[in-house]
Amino acid sequence: MTDEEIAAALAELPGWTREGDEITRTYEIRYHAAVAAIVTIADRSRRIQHHADLDLRIDSLRAAITTHDAGHVLTLADFDLAQRIDAIVAAHQALPLD
């Protein structure tokens, strides 16, 4: 992807930023909700054969995406995965009833 294509794709993904040859986003999310989100992200990633690097902290989850198979450059698959991760994290941010 060209720099212009990457900028246009990022404009469609609020919260995501470019860091070199990766796109990244940090979500503020409770620890146990993030753990559940990671399990779902891993399952979806396996199905589409594209994976993010995930960094779990006590109150946040950071996702970093690049296409390793293409030589660590950004491709359309990265932006597709970012959209999927956004939806998964949103679904897991609901507060438990306890």
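Further up the page is the structure itself.
Each value, and the rule that gives it
- Residues numbered from 1 in each chain as written.
- Predicted model: local features only at pLDDT ≥ 70, side-chain atom pairs only at ≥ 80, totals over all residues.
- Heavy atoms only, no water.
- Pairing = 2+ DSSP bridges.
- Helix = DSSP H or I, 4+ residues; strand = E, 2+ residues; numbered from the N terminus.
- Axes fitted to C-alpha atoms, helices over the stretch in contact; angles between N-to-C directions.
- Contact = heavy atoms within 4.5 Å.
- Core = buried A, V, L, I, M, F, W, Y, C linked by side-chain atoms within 4.5 Å.
- Buried < 20%, exposed > 50% of the residue type's maximum accessible area, 1.4 Å probe, protein only.
- Phe/Tyr/Trp six-rings, centres within 6.5 Å; stacked < 30°, edge-to-face > 60°.
- Expected span 1.5 Å × (residues − 1).
- Salt bridge = Lys/Arg side-chain N within 4 Å of Asp/Glu carboxyl O.

## Details of the sheet that holds strand β2 (residues 22–28)
The four strands lie next to each other as β1-β2-β4-β3, forming an open sheet whose pairing is antiparallel. Two strands in the sheet have a free side with no partner beyond their single neighbour: β1 (17–19) and β3 (53–57). For this sheet the average axis-to-axis angle between neighbouring strands, irrespective of direction, equals 25°. As judged from the five bridges shared by β3 and strand β4 (residues 60–65), these two strands associate in the antiparallel manner. From the neighbouring strand, Arg-57 faces β4, where its bridge partner is Ser-60. Where helix α2 (residues 31–48) meets the sheet, its contacts fall on β3 and β4, and the angle it forms with β3 comes to roughly 165°.

## Some words on the nonpolar core
Counting residues in each nonpolar core, the largest one holds 23 residues, and the members touching the most others are Trp-16, Ile-23, Ile-29, Ile-65, Phe-79, Ile-85 and Val-89. Those elements that provide at least two residues to this core are α1 (3–11), β2, α2, β4 and α3 (76–92). Per element, the largest residue contribution to this core is six residues, and it comes from α3. Here Ile-65 is in contact with Trp-16, Asp-21, Glu-22, Ile-23, His-50, Ala-52, Leu-74, Asp-78, Leu-81, Ala-82 and Ile-85, once residues within four sequence places are set aside.

## So, the packing of aromatic side chains
Summed over all chains, the structure comprises one aromatic pair. An angle of 80° between the planes, with centres 6.4 Å apart, marks the rings of Trp-16 and Tyr-27 as edge-to-face. Pair noted here: Trp-16 is in the loop between α1 and β1 and Tyr-27 is in strand β2, with a separation of 11 residues, a long-range link. Like Trp-16, the residue Tyr-27 is buried in the burial classification.

## Describing α3
Look at α3: 25 Å from first C-alpha to last across 17 residues, which is about the 24 Å you get at 1.5 Å a residue. Residues of α3 that are buried include every one of Asp-78, Phe-79, Leu-81, Ala-82, Ile-85, Asp-86, Ile-88 and Val-89, and no others.

## Notes on the pattern of salt bridges
Here the structure, examined in full by the defined rule, presents eight salt bridges. Arg-18 is the partner of Asp-3 in a salt bridge, and the nearest nitrogen-oxygen pair spans 2.8 Å. With Asp-3 in helix α1 and Arg-18 in strand β1, this pair connects stretches of sequence that are 15 residues apart. For Asp-3, a relative accessible area of 49% puts it in the partly exposed group. A salt bridge links Asp-80 to Arg-84, with the nearest nitrogen and oxygen atoms 2.9 Å apart. One end of the pair is Asp-80 and the other is Arg-84, both in helix α3 and four residues apart, which spans about a single turn.

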